[in-house]
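# Structure assessment
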Amino acid sequence: MLLYYFLRFIGTIIINLLFFPKIVGKKNTKIKGKCIVISNHTSMWDPLIIVIAFRRHIYWMGKIELFKSRFSRIFFRLVRAFPVRRGEGDLTAIRHAFSILRKDKIIGMFPEGKRAKTGKTEKFEPGTSMIALKNNAPIIPIYIKGNYKFFRRIKLVIGEPILLSDYVGKKYNPEAVTKATKLLEDKIQDLEKKAQQV
């Protein structure tokens, strides 16, 4: 846990020096209890810039490929990140996500399931919506604008927490998951438009 906050401190210095971040909606990071943080995903820098915006520890779900080397596996375990096998309905990862939320902690996820190298937000996978609905966990949507060129500003637009059951009802089924996933895509697109104006 101490390593996480130490790295967050170092990361804050690096991000501020290199990218002059502008964070809009900082008040939305002050949520208490369980929640899921989601964002568009274009760069390996994305988790770090999100981490510096939140005081609370974010437990990141990352693709299992990131955990293959011994060094990266040790590092990610130390900061309490956990792997997921993409496209396989990874029950171990899902159960671990559930256990984190039951402890009123924050999970970080990228619903696209991969980096969008074109910079354009791609179709969301349903896993985020499924986990949120099953645990009645609020979601904080974030849009990151910028391509991480050194000494160019990055914008981070943080939306208000969303409770999916308010939009799709409390009954959990595939139709609700599909509807909720589309809702999250729309919320990120709304934040993208806002990012153009701030």
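Residues numbered from 1 in each chain as written. Predicted model: local features only at pLDDT ≥ 70, side-chain atom pairs only at ≥ 80, totals over all residues. Heavy atoms only, no water.

## Points about the nonpolar core
In terms of nonpolar packing, the biggest core is built from 35 residues, with Ile-36, Met-61, Ile-131 and Leu-164 touching the most fellow members. Mapped by element, the contributors of at least two residues to this core are strand S2 (35–39), strand S3 (58–63), strand S4 (82–84), helix H4 (91–102), strand S5 (106–109), helix H5 (127–135), strand S6 (139–145) and helix H7 (174–197). The element contributing the most residues to this core is H7, with 8 residues. Dropping the residues within four chain positions of it, Ile-131 is found in contact with Ile-36, Met-61, Ala-97, Phe-98, Leu-101 and Met-109. One finds Trp-60, Phe-76, Tyr-148 and Ile-158 within the second-largest nonpolar core, a separate group that totals 28 residues. (Core = buried A, V, L, I, M, F, W, Y, C linked by side-chain atoms within 4.5 Å. Buried < 20%, exposed > 50% of the residue type's maximum accessible area, 1.4 Å probe, protein only. Helix = DSSP H or I, 4+ residues; strand = E, 2+ residues; numbered from the N terminus. Contact = heavy atoms within 4.5 Å.)

## Quick word on a nonpolar patch on the surface
On the surface, a nonpolar cluster with roughly 560 Å² of combined accessible area is contributed by Phe-6, Phe-9, Ile-10, Ile-13, Ile-14 and Leu-17. Of note, Ile-10 is situated in helix H1 (residues 2–19). A residue is classified by how much of its surface remains accessible, and Ile-10, at 31% relative accessible area, is partly exposed. (Patch = residues over 30% accessible without salt bridge, like charges linked within 9 Å, V, L, I, M, F, W, Y side chains within 5 Å. Areas by Shrake-Rupley, 256 points an atom, 1.4 Å probe, with all protein chains shown as cover. Salt bridge = Lys/Arg side-chain N within 4 Å of Asp/Glu carboxyl O.)

## As for the packing of H5 against H7
Where H5 contacts H7, the two axes come as close as 8 Å, and the packing angle between them is 115°. Taken together, H5 and H7 sit at an angle that is classed as roughly perpendicular. By crossing handedness, the relation of H5 to H7 is classed as right-handed. Where H5 approaches H7, its residues Thr-128, Ser-129, Met-130 and Leu-133 are matched on the opposing element by Ala-176, Val-177, Ala-180, Thr-181 and Leu-184. Of the residues contributing to the contact of H5 with H7, the split by class is 6 nonpolar, 3 polar and no charged. (Axes fitted to C-alpha atoms, helices over the stretch in contact; angles between N-to-C directions. Parallel < 35°, antiparallel > 145°, perpendicular 65-115°, else oblique. Left-handed = near helix turned anticlockwise from the far one by under 90°. Nonpolar A, V, L, I, M, F, W, Y, C, P; charged D, E, K, R; others polar.)

## Regarding unusual backbone geometry
Trans is the prevailing form of peptide bonds, just as negative phi is the prevailing case for residues other than glycine. In this structure, Asp-104 is a non-glycine residue whose phi angle is positive, near 60°. Structurally, Asp-104 can be placed in the loop between H4 and S5. Note on Asp-104: relative accessible area 45%, which makes it partly exposed. With a phi angle near 65°, Phe-151 is a residue other than glycine that sits in the positive phi range. Position of Phe-151 among the secondary structure elements: in the loop between S6 and strand S7 (155–158). Given the relative accessible area of 55%, Phe-151 is considered exposed.

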